[in-house]
Structures are given as structure tokens and as C-alpha cells.
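# Structural characterization, general
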Amino acid sequence: MDLLDGNILLRGSFDDGTLAERIRAGIAGIHAFYTPTAVSTLVHEGGAPIKYGPNKKIDIASQTRESKMFNNREYILKEAITGDFSLVNAYKADKLGNLVFRKTARNFNPPICKASRITIAEVEEIVEVGELDPEQIDVPDLHRLVQGEKYEKRSERMTLKKMDEMKGGDGVDAIVRERIIRRAATEFRRAEEMHANRALGLPWWPVLVFFKGYVQRCNRALGF
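Attention here is on the structure that accompanies the text. (Residues numbered from 1 in each chain as written. Predicted model: local features only at pLDDT ≥ 70, side-chain atom pairs only at ≥ 80, totals over all residues. Heavy atoms only, no water.)

Quick look at unusual backbone geometry now. The phi torsion at Ala38 lies on the positive side, around 80 degrees, for a residue other than glycine. Along the chain, Ala38 falls in the loop between β1 (32–35) and α2 (42–45). One non-glycine residue, Asn72, lies in positive phi territory at about 65 degrees. (Helix = DSSP H or I, 4+ residues; strand = E, 2+ residues; numbered from the N terminus.)

Given below as C-alpha cells:
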């Protein structure tokens with residue numbers, strides 16, 4: 001709601017791969033790089049929302065990105081991401097500040113730590129020095145730790161519906177989501193050999209109807 005109310009500005013990547021590469025480039029000291037991802041979209045041509053006004057209309061939109069051709073394919077320029085502060089959640093830490101992340105939390109949290117000047121980590125458990133296996137340590141020697149409390153996972157809620165109920169909804173959002181899935185399904189030419197990663201926010205019923213291959217739920221970096 002803060003975004004739609006115009007209280008914050010959003011400058012980010014809309015796909016995980018480009019986000020990860022922008023962070024990695026920041027760590028490596030690479031100011032920018034070219035990628036084919038998002039060519040011919042609002043990210044490339046401009047118009048993606050950065051800030052909304054009080055009437056929930058776009059107040060500030062993204063600008064057109066520079067593009068070049070490489071091997072007869074168009075690429076757009078993306079800048080690296082670095083920061084002054086990073087706020088991360090870790091599974092365990094010892095009293096020397098060595099961090100251990102768990103499962104998909106390893107996707108982005110370790111590079112996020114490296115791409116910022118100061119990192120503050122909230123950890124579920126702080127153990128004595130020597131209790132962590134050195135092979136499991138993801139980020140060493142971090143001295144800004146906060147012991148967290150009441151770790152209750154609220155990111156998933158079970159919702160059960162019948163197939164005819166799942167097909168309900170003829171709003172613009174429902175139509176767009178179904179269109180995305182229908183278009184992606186056309187790429188499944190060898191269904192038995194291909195896998196699909198269902199993104200958060202996309203309904204299950206068109207996935208079950210149009211995809212004949214293996215489909216898995218995308219948990220992103222929620223820490224499962």
C-alpha cells in the first residue's frame with residue numbers, strides 16, 4: 001500500500017536472474033552490463049512505475065534504457081546494485097558474526113551482504129564460537145547481529161477450491177494472468193522433458209489445464 005500511496009519509490013528488477021546479476025556486478029565492481037531480458041517491455045521502452053501519486057496514477061515512470069545489438073540480438077543496459085545498508089535474516093550465527101543461511105535464503109542474502117557497506121543481520125539463533133561447521137558458513141565476520149524472536153512463517157496460507165470455482169473471475173487481472181500462462185504453455189513443445197516454475201500470484205487452474213509437463217511452486221527467497 002505504501003507504493004500505491006506514493007510513500008516509497010521502487011527501482012528494481014522484475015526478474016530474479018537480472019536482480020542476482022546486478023548484485024553480483026556490484027560486488028565485482030562492474031558498473032553496468034547488457035542483458036537480453038526485458039527487451040521490448042516497459043523496462044526497456046520506459047513507463048514502468050517508480051512512484052505513484054495520491055490518486056494512484058503513475059507520478060514518476062522509468063526512462064528508456066540504452067540498447068545495443070550483439071550477434072543479431074538486442075540487449076539492454078542494466079546498472080549494478082550496491083547499497084549503504086543491507087537488512088537480512090539468517091538462520092544461525094556464532095558470536096564472531098559468522099552467518100549461516102537456510103535453503104532458498106542462500107539465493108540472495110549472501111550476495112546482498114557483500115554488495116553493501118554495512119549489513120545488519122537478524123538471526124534465529126546465536127551459538128558459541130566453534131559450534132558452526134566451517135563448511136556451512138555463508139558470510140564470515142559480521143559484527144552487527146540482532147537476536148530475533150517469534151519466528152512464525154506467515155508467507156503461506158492453505159486455500160482449497162473446486163476447479164469450477166478456480167476458473168471464476170473475469171476481471172482484468174484474471175485475464176492477464178491467464179494470458180501469461182497460455183502464452184508460456186506454447187513453449188512446452190516437449191512437455192515430458194520440460195519443467196515450469198509457477199510464479200507467486202499466478203492461479204493454479206490454468207497451469208493445470210495448459211501445462212502438461214512438470215510444474216513446481218516458486219518460493220523465491222522466502223527461507224523455506
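On to the packing of aromatic side chains. For the structure on display, the rule yields 2 aromatic pairs. Centroid distance Phe70 to Tyr75: 5.4 Å. Interplanar angle 85 degrees. Geometry classified as edge-to-face. Judged by relative accessible area, Phe70 falls into the partly exposed class, the value being 35%. One aromatic cluster in this structure is built from Tyr34, Phe70 and Tyr75. (Phe/Tyr/Trp six-rings, centres within 6.5 Å; stacked < 30°, edge-to-face > 60°. Buried < 20%, exposed > 50% of the residue type's maximum accessible area, 1.4 Å probe, protein only.)

Our focus in this paragraph is a nonpolar patch on the surface. On the surface, Phe85, Leu87, Ile120 and Val146 cluster together into a nonpolar patch covering about 400 Å² of accessible area. Turning to its location among the elements, Leu87 is positioned in strand β6 (residues 83–94). (Patch = residues over 30% accessible without salt bridge, like charges linked within 9 Å, V, L, I, M, F, W, Y side chains within 5 Å. Areas by Shrake-Rupley, 256 points an atom, 1.4 Å probe, with all protein chains shown as cover. Salt bridge = Lys/Arg side-chain N within 4 Å of Asp/Glu carboxyl O.)

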